[in-house]
Amino acid sequence: MRKKVDERIRTLIENGVKTRHRSMFVIIGDKSRDQIVNLHYMLSKAVIKSRPTVLWCYKDKLELSSHKKKRAKQVKKLMQRGLLNPEKVDPFSLFVESGGLTYCLYKDSERILGNTFGMCILQDFEALTPNLLARTIETVEGGGLIVLLLRSLSSLTSLYTMVMDVHERFRTESHSEAAGRFNERFLLSLSLCKACVIMDDELNILPISSHIRSITPVPVKEDSEGLSEAERDLKNLKEQLSEDFPVGPLIKKCCTLDQEKLLLHSLMRFWIRHFVVSLAARGRGKSAALGLAVAGAIAAGYSNIFVTAPSPENLKTLFEFICKGFGALDYKEHIDYDVVKSTNPEFKKATVRINIYRQHRQTINMTCFCPI
């Protein structure tokens, strides 16, 4: 049976896309995973660019395996038990089969640092810690969605006393019980967050705070060309520097004014051989701007550039934007440069080195894995 979705949900997603702010949805219920498809569809409609990628984080077990053959066996067993109608197409199965999903265990969450996703799904609330929350949520791009899946609860206040996995570290013979202070503070902060909605597994919004009653579309100040003030400044700077090489082609790849400033500052410092330190919260575009700056440094004649990170997978965005920078500078892969992938199966063919031959022999190389 089809049901009309509350307009406030769609409005919140569209507001997040317009303002480039993340939106958070807490779904309570045993069938909460079925609503992920609907939220992803609404996000895809609101975002003009390609289909948003999805990061799915879990403790140790998925309801449907991330492995294609294992998933097919699980679907077959569900059909045999009568839990899945073979004549009816399951939207969630189609969503999983469509690709674009990255699965990650909470214990392996370090490998997703430096990556960017359009949507993040967090299941197994009892395994979460403040550090895990920050590490996973900050991989979501501006305008993306964070979805927290919870099992059926008689009351939200029952989460206050939920036994978390991390409590095992603090139990001793003299102190057998640990007070879950994080849970209460986390839920209270969610109730104060205007970009967060708590709902059941049928997308019925739960009225836990007054701001949920009136979620209205955000007005965006636009000029005659449909550009906001920040977008107008961004466009003007791109036009001013369009004739400068290599700055002009690279700056066209920037999405925000802050990225443009970082790129310009980095290139100026590279040429006078000074250090550049960039500080910002995760997900603000540091890796993208640095990748473009490295492409500019190669165009300026730097021979050897070394990059360090805990894992090659953390440098996915950096190397991606180095290649985009090369494309803007008319470098051709296999002619002007070659990309070398890791042969270690644990790193999933992550880029570890780029060899450039256009001017002279130049290298961008990942060196050691520095612990955080």
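None of the values given here were measured: they were computed from a predicted structure.

Participant: Would you mind showing me how to read the environment of Leu-264 here?
Facilitator: Of note, Leu-264 is situated in helix H9 (residues 257–271). Its relative accessible area of 22% is what places Leu-264 among the partly exposed residues. It is 7.4 Å that separates the C-alpha atoms of Leu-264 and Val-247, two residues lying 17 residues apart in sequence. With residues up to four places along the chain from it excluded, the contact list for Leu-264 reads Leu-237, Leu-241, Val-247 and Ile-251.

Participant: Can you help me understand the packing of helix H10 (residues 286–299) against helix H11 (residues 316–328) in this one?
Facilitator: A pair of packed helices is characterised by two quantities: the angle between their axes and the separation of those axes. For the pair H10 and H11, the least separation of the axes is 7 Å and the interaxial angle reads 45°. Classed by the angle they form, the pair H10 and H11 counts as oblique. Seen along the crossing, H10 lies across H11 with a hand that is right-handed. Facing Ser-287, Ala-288, Leu-290, Gly-291, Leu-292, Val-294, Ala-295 and Ile-298 of H10, the residues of H11 in contact are Thr-317, Leu-318, Phe-321, Ile-322, Gly-325 and Phe-326. Classifying every residue of the contact of H10 with H11 by side-chain character gives 10 nonpolar, 4 polar and no charged.

Participant: Just to check I follow, could you spell out unusual backbone geometry for this structure?
Facilitator: What is expected of a backbone is that most residues other than glycine have negative phi and most peptide bonds are trans. In this chain, Phe-245 is followed by Pro-246 through a cis amide linkage whose omega measures 5°. Looking at the secondary structure, you find Pro-246 in the loop between helix H7 (229–240) and helix H8 (247–251). Positive phi, normally seen in glycine, also occurs at Asp-124, with a value near 60°. If you trace the backbone, Asp-124 turns up in the loop between strand S4 (117–122) and helix H5 (130–137).

Participant: Where do I start with the pattern of salt bridges in this structure?
Facilitator: Where charged atoms of side chains with opposite charge meet at close range, the side chains can pair. All chains considered together, the criterion is met by 7 salt bridges. Notably, a salt bridge pairs Arg-33 with Asp-34, separated by 3.3 Å at the nearest N-O pair. The exposure class of Asp-34 is partly exposed, given its relative accessible area of 33%. Salt-bridge contacts for Glu-320 lead to Lys-324; the nearest nitrogen and oxygen are separated by 3.5 Å. Taken together, the residues Glu-320 and Lys-324, both in helix H11 and 4 residues apart, mark about one turn of the helix.

Participant: Whenever I open this one, the side chain of Lys-238 confuses me. Can you help?
Facilitator: Its location among the elements puts Lys-238 in helix H7. Within the structure, Lys-238 has its side chain in polar contact with the backbone oxygen of Cys-254 (distance 3.1 Å). Those residues in contact with Lys-238 that sit more than four places away from it in its chain are Ile-251, Lys-252, Cys-254 and Glu-260.

Participant: Even after reading the chapter, I still don't get the sheet that holds strand S8 (residues 337–341), so can you show me in this structure?
Facilitator: Pairing between the strands of a sheet is mediated by backbone hydrogen bonds and can be parallel or antiparallel. Pairing within the open sheet is mixed, and its 4 strands lie in the order S7-S10-S9-S8. Unpaired on one side and paired on the other, strand S7 (304–307) and S8 mark the two borders of the sheet. With direction set aside, neighbouring strand axes in the sheet form an average angle of 10°. Summarising the sheet, strand S9 (residues 351–356) and strand S10 (residues 362–366) pair through 4 bridges and their orientation is antiparallel. For Arg-353, the partnering residue across the bridge sits in S10 and is Asn-365. Strand contacts of H11: S7, S8, S9 and S10, with the helix running at about 25° to S9, the strand carrying the most contacts.

Rules behind the numbers
- Residues numbered from 1 in each chain as written.
- Predicted model: local features only at pLDDT ≥ 70, side-chain atom pairs only at ≥ 80, totals over all residues.
- Heavy atoms only, no water.
- Helix = DSSP H or I, 4+ residues; strand = E, 2+ residues; numbered from the N terminus.
- Buried < 20%, exposed > 50% of the residue type's maximum accessible area, 1.4 Å probe, protein only.
- Contact = heavy atoms within 4.5 Å.
- Axes fitted to C-alpha atoms, helices over the stretch in contact; angles between N-to-C directions.
- Parallel < 35°, antiparallel > 145°, perpendicular 65-115°, else oblique.
- Left-handed = near helix turned anticlockwise from the far one by under 90°.
- Nonpolar A, V, L, I, M, F, W, Y, C, P; charged D, E, K, R; others polar.
- Salt bridge = Lys/Arg side-chain N within 4 Å of Asp/Glu carboxyl O.
- Polar contact = N/O pair within 3.5 Å; in protein donor to acceptor, adjacent residues only side chain to side chain.
- Pairing = 2+ DSSP bridges.

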